[in-house]
Amino acid sequence: MKMIFRWFPNGDDSVTLDQIRQIPGVSGVAACMPHIPVGEVWQQDDILAMRREINDHGLEMEVIESVNIHEDIKKGLPSRDRLIENYITTVRNLHNAGVRCICYNFMPVMDWARSDLARPIEDGSTVMSYHHADLDGLDPAAIGDSMHSEARGFSLPGWERERMPQMSADICFYREMPVECYWDNIRYFLDAVMPYADMYDMKFAIHPDDPPWQLFGLPKVITNADSIRKFLGLNNSSRNGLTLCTGSLGANGDNDVPSMIREFASQGRVHFAHLRNIKRTPPRDFHETAHLSACGDLDMFEIVRALHDSGFDGYIRPDHGRMIWGEQARPGYGLYDRALGVEYILGLWEACEKFSR
Ligand code: DNO
C-alpha cells in the first residue's frame, strides 16, 4: 500500500509539495493537469515537467486524478473515436512518465455535487455538506456559481467555469437517454482503452458517483455493489478497476462499505482508495467530518481492515477534510485535517499489520 496526497499544480493549491513531503508516511501525490481542456492530449513534455517538480520534492507521481472523459464519449457521439484516440495517447504519455494508475469518472455533466462548501459544525470547523432539497430542481449553472463563490479562488474539479453555459443543454440530452445506452457508452470506452491499459501497464480506477443517487434526472451508474459488479463485468481486465471512495458510496446507508471492499479488493479490482468519513441524515442528506470513526457514520477501522485483509496493494489517499485552524484552502482539500487523516489511517493500517502477524 502506498499513501499519497492529492495535489494541484501551477499554483492552484494552497498546499505545497514541501508540506506534503513532511507528512509522515506519504510517498507521493495524485496529480492532475486541469488547465488542459478535457479531450485534448496531455503532452509528454508537460507531464515530464510536472513529474520533475514532484520528484524534486522527494515525492512520486504514480497516480493521476483525474484524466477526465470528454462529454461526447459519455454521450456516444461520433466524435468519440477521435477523443478516445486522444485519451489513449495521453495514457501512453503518462506511462512513459512512470504513471501507474489513472483515476477517472463517468459521471455525466458534473463531477461531485454539494449544496454548501463551508458548513459550520459543532467544533467550529467548516465542512462540505449535501442537502438534496437545496440542489435538485435548481439550475446547475447557479449551483456552479454558488460553489465557485465558496471556493476561495481555487478550481473545482468537475465544475470548470467554461462548462457552465453548456450544463443545462447537457442535462436535457441525458434525460432523454435510456440508462442502458449510457452503460453501452461506458462499455465502448472500456473496450477501446483496456487493451492499451495492458500494453502500458496502467491501472484504471473509476470513481463512484458522488452522491450515489439520482440528481437533476441524470443517469447515475456507479452507486452500489450491484452496479459495481455490472461495471467490472463490462470488461474483465484486472486493470479495469475502482477508486473505492468511502464517502461517496457511504452516503447511502444501504451500502456496506467494508463488505464491498472485501468483495472487490480481494478480486484485485480496487486500485485506489479515497478514505473519508461522513455523517448522514437519511434519506439523502449528509455532511463530511473528520476521518475518525467516532466523528461520523463510517467505521474507518473496518474499512482499513477490509483493505488490509484483502491484500490491497494499491494507493490510498485521505479524502476531503474539515477546514480547521484558520486555514484558507480549496474546500475539502486543506493541509491540516487531511494530514491528521493520513496519520490516523496509517495508525489503523499498522495495527492491522501487527495484529495479523
Ligand atoms: C472531488 C473528487 C472528485 C474525483 C473525481 C475522480 O473532490 O472526489 O473530483 O477526483 O470524481 O475522477
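Residues numbered from 1 in each chain as written. Predicted model: local features only at pLDDT ≥ 70, side-chain atom pairs only at ≥ 80, totals over all residues. Heavy atoms only, no water.

A. Geometry of the overall build of the protein. In terms of helices and strands, the protein carries 13 helices and 12 strands. Compactness check: the protein gives a C-alpha radius of gyration of 19 Å against a globular reference of 21 Å for 357 residues, within 12% of the reference. Projected onto the principal axes, the alpha-carbon positions of the protein cover approximately 50 × 45 × 40 Å. Expressed as a percentage of its 357 residues, the buried residues of the protein come to 59%. Of the contacts made within the protein by residues no fewer than 6 positions apart, 74% connect residues no fewer than 24 positions apart. (Helix = DSSP H or I, 4+ residues; strand = E, 2+ residues; numbered from the N terminus. Rg over C-alpha atoms; globule rule 2.2 N^0.38 Å. Buried < 20%, exposed > 50% of the residue type's maximum accessible area, 1.4 Å probe, protein only. Contact = heavy atoms within 4.5 Å.)

B. Representation of the layout of surface pockets within the structure. Looking at the second largest pocket, its volume works out to about 270 Å³. Lining the second largest pocket we find 18 residues, and of these Lys203, His271, Asp313, Gly314 and Tyr315 sit closest to its centre. Tallied by class, residues from the lining of the second largest pocket come to 6 nonpolar, 5 polar and 7 charged. (1 Å grid on protein atoms, 1.4 Å probe; cavity = no way out; pocket = protein on both sides within 12 Å on 5 of 7 lines; lining within 4 Å. Points joined across faces, edges and corners; volume = space filled by probe spheres on them. Nonpolar A, V, L, I, M, F, W, Y, C, P; charged D, E, K, R; others polar.)

C. Inspection of the site of the ligand at higher detail. Around the ligand sit 13 residues, and of these Glu65, Ser66, Asp111, His320 and Tyr333 come closest. In this structure, arginine 6 approaches the ligand through a side-chain N or O atom, which is 3.3 Å from an oxygen atom. Taking serine 66, its side chain carries an N or O atom lying 2.7 Å from an oxygen atom of the ligand. Here the ligand, which alone exposes 330 Å², has 100% of that area covered by the protein. Judged by its atoms lying within 2 Å of the grid points, the ligand is housed in the largest cavity. Of the residues in the shell around the ligand, the class split is 6 nonpolar, 4 polar and 3 charged. (Near = heavy atom within 4 Å. Polar contact = N/O pair within 3.5 Å; in protein donor to acceptor, adjacent residues only side chain to side chain. Areas by Shrake-Rupley, 256 points an atom, 1.4 Å probe, with all protein chains shown as cover. Sits in = over half its atoms within 2 Å of the grid points.)

D. Highlighting the packing of helix H6 (residues 140-149) against helix H7 (residues 164-175). It is the contact of H6 with H7, at a shortest axis distance of 8 Å, that shows an interaxial angle of 145°. As H6 runs across H7, the sense of the crossing is right-handed. Along the contact surface, H6 presents Pro140, Ala141, Gly144 and His148, while H7 presents Met164, Met167, Ser168 and Ile171. For the contact of H6 with H7, the residue count by class is 5 nonpolar, 3 polar and no charged. (Axes fitted to C-alpha atoms, helices over the stretch in contact; angles between N-to-C directions. Left-handed = near helix turned anticlockwise from the far one by under 90°.)

E. Representation of H7 in the model. Spanning 12 residues, H7 covers 18 Å between terminal C-alpha atoms, matching the ideal 16 Å at 1.5 Å per step. The inward-facing, buried residues of H7 abut helix H3 (71-75), H6 and helix H8 (179-199). (Expected span 1.5 Å × (residues − 1).)

F. Inspection of empty space enclosed by the protein at higher detail. One pass over the full model with this rule turns up 1 cavity of 30 Å³ or more. In this model, the largest cavity occupies a volume close to 170 Å³.

G. A look at the packing of aromatic side chains. Tallying each qualifying case throughout the model produces 14 aromatic pairs. With 5.2 Å between their ring centres and 45° between their planes, tryptophan 325 and tyrosine 336 make a pair best called tilted. In this pair, tryptophan 325 sits in the loop between strand E12 (315-318) and helix H13 (336-355) while tyrosine 336 sits in helix H13, placing the two residues 11 residues apart along the sequence. Residue classification places tryptophan 325 among the exposed residues on the basis of a relative accessible area of 62%. In this structure tyrosine 336 comes out as partly exposed when scored by relative accessible area, which is 32%. Counting every residue linked through ring pairs, the aromatic cluster contains Tyr87, Tyr104, Phe106, Phe173, Tyr174, Tyr182, Phe189 and Phe204. It is arginine 80 that lies over the ring of tyrosine 188; its NZ or CZ is 3.5 Å from the centre. Sitting over the face of the ring of phenylalanine 8, arginine 330 holds its NZ or CZ atom 3.5 Å from the ring centroid. (Phe/Tyr/Trp six-rings, centres within 6.5 Å; stacked < 30°, edge-to-face > 60°. Lys NZ or Arg CZ within 6 Å of the ring centre and 35° of its normal.)

H. Spotlight on the sheet that holds strand E7 (residues 203-207). Taken in spatial order, the 8 strands of this closed barrel run E1-E2-E3-E4-E7-E8-E9-E12, and their pairing is parallel. In this sheet, adjacent strand axes meet at a mean angle of 30° when their direction is disregarded. Bridge analysis of strand E3 (residues 60-65) against strand E4 (residues 101-105) gives 3 bridges, and the strand direction is parallel. The residue bridging valine 63 from the neighbouring strand is cysteine 101, located in E4. Its contacts with the sheet place helix H12 (residues 300-309) against strand E9 (270-275) and E12, and it is angled at close to 165° to E9. Packing of H13 onto the sheet brings it into contact with strand E1 (2-6), strand E2 (26-31), E9 and E12, and relative to E1 it is tilted by some 165°. (Pairing = 2+ DSSP bridges.)

I. A look at the packing of H8 against helix H9 (residues 225-234). Between H8 and H9, whose axes approach to 9 Å, the crossing angle comes to 40°. Comparing their axes, H9 and H8 come out oblique. Across the interface between the two elements, Glu180, Trp183, Ile186, Arg187, Leu190 and Asp191 of H8 pack against Ser227, Lys230, Phe231 and Leu234 of H9. Here the residues of the contact of H8 with H9 are counted per class, giving 5 nonpolar, 1 polar and 4 charged. (Parallel < 35°, antiparallel > 145°, perpendicular 65-115°, else oblique.)

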